[in-house]
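Understanding the architecture of this molecule
Given next are the chains, with one letter for each unit.
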Amino acid sequence: ASTGERALTLAARRPPDLVVLDLGLPDRDGVEVIHGLRSWSSAPIIVLSGRPGSADKVAALDAGADDYVTKPFGTDELLARLRAAIRRATVPPEAVVVPFGDLTVDLAARRVVRGAAGDLRLTPTEWQVLEVLIRNPGRLITHRQLLTEIWGPGGYPPDNDYLRVYLARLRRKLEPVPSRPRYLITEPGIGYRFQP
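Structure report, in brief. In this text, all values refer to a predicted model and were calculated from it rather than measured experimentally.

1. Concerning the layout of surface pockets
Vacant regions in the atomic arrangement are exposed by a probe of water-molecule size rolled over the atoms. Of the voids in this model, the second largest pocket is the one considered here, and its volume is about 280 Å³. For the second largest pocket, the lining is made up of 16 residues, of which A1, A7, A11, V19 and V20 are closest to its centre. Among the secondary structure elements, those contributing two or more residues to the lining of the second largest pocket are α1 (4-13), β1 (19-21) and α2 (30-38). Each residue belonging to the lining of the second largest pocket can be placed in one class, and the counts come to 13 nonpolar, 1 polar and 2 charged.

2. Description of the packing of α1 against α2
Close contact between α1 and α2 brings their axes to 10 Å; oriented N to C, the two are set at 15°. When the axis of α1 is compared with that of α2, the two are roughly parallel. Crossing of α1 over α2 shows right-handed handedness. Taken together, the residues of α2 that come into contact with α1 (itself represented by G4, L8 and A11) are V33, G36 and L37. Split into classes, the residues belonging to the contact of α1 with α2 amount to 4 nonpolar, 2 polar and no charged.

3. Remarks on the side chain of D67
Here D67 is to be found in strand β3 (residues 67-70). When residues no more than four places from it in sequence are discounted, the contact partners of D67 are I45, I46, V47, L61, R81 and R193.

4. Observations regarding the sheet that holds strand β5 (residues 103-106)
As summarised here, the arrangement of the 4 strands in space is β4-β5-β6-β7, forming an open sheet in which the pairing is antiparallel. With one partner strand each, in any of the chains shown, β4 (97-100) and β7 (118-120) form the two edges of the open sheet. With strand direction ignored, the average angle separating the axes of adjacent strands in the sheet is 30°. One ladder, built from 3 bridges, connects strand β6 (residues 111-114) with β7; its direction is antiparallel. Among the inter-strand pairings, V112 is bridged to a residue of β7, identified as L120. Contacts from helix α5 (residues 124-134) reach β4, β5 and β6, with the element oriented near 95° to β5. Relative to β6, helix α7 (residues 161-174) is tilted by about 40°, and along the sheet it contacts β5, β6 and β7.

Each value, and the rule that gives it
Residues numbered from 1 in each chain as written. Predicted model: local features only at pLDDT ≥ 70, side-chain atom pairs only at ≥ 80, totals over all residues. Heavy atoms only, no water. 1 Å grid on protein atoms, 1.4 Å probe; cavity = no way out; pocket = protein on both sides within 12 Å on 5 of 7 lines; lining within 4 Å. Points joined across faces, edges and corners; volume = space filled by probe spheres on them. Helix = DSSP H or I, 4+ residues; strand = E, 2+ residues; numbered from the N terminus. Nonpolar A, V, L, I, M, F, W, Y, C, P; charged D, E, K, R; others polar. Axes fitted to C-alpha atoms, helices over the stretch in contact; angles between N-to-C directions. Parallel < 35°, antiparallel > 145°, perpendicular 65-115°, else oblique. Left-handed = near helix turned anticlockwise from the far one by under 90°. Contact = heavy atoms within 4.5 Å. Pairing = 2+ DSSP bridges.

Here it is as structure tokens:
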């Protein structure tokens, strides 16, 4: 579709499996299209844009985009991101036991188990951070989204230092090599993602 209006009309007629969206549309801003899609669709949305600023990325991700690719980009990278988005979309959202590495996270029982070593102890806030990330596998969660999920709208700390502290603690407890995280990934200046 060459316009945002046309994209929304086509998507309503034939719901997409995945959306690749440019923010620079002739009739409206792409973030408006994301809001329009998110009002009824959970299809993955990958923004493909020439806008390199972090403010544009944060706005698109906060509106509901799942990923953001800046032009110029490699075709292989884009295809890999498309495949990953489709894979994540097929994971049932109600899954309550999530295995990764030598760990098993039971969301219903609020437990993290490492093989034969047994339960790992997490503080309530560490658990909340982990739960938000695990419930959104592969999806980039912005600092603001994470702060709002944990401390509520307007009730969160004024900077991201708290998140850095909790992510560092989680990595020490969960990652095989905390200094080179495999599962709890930082997207500098934007947020974090759980990569199963």
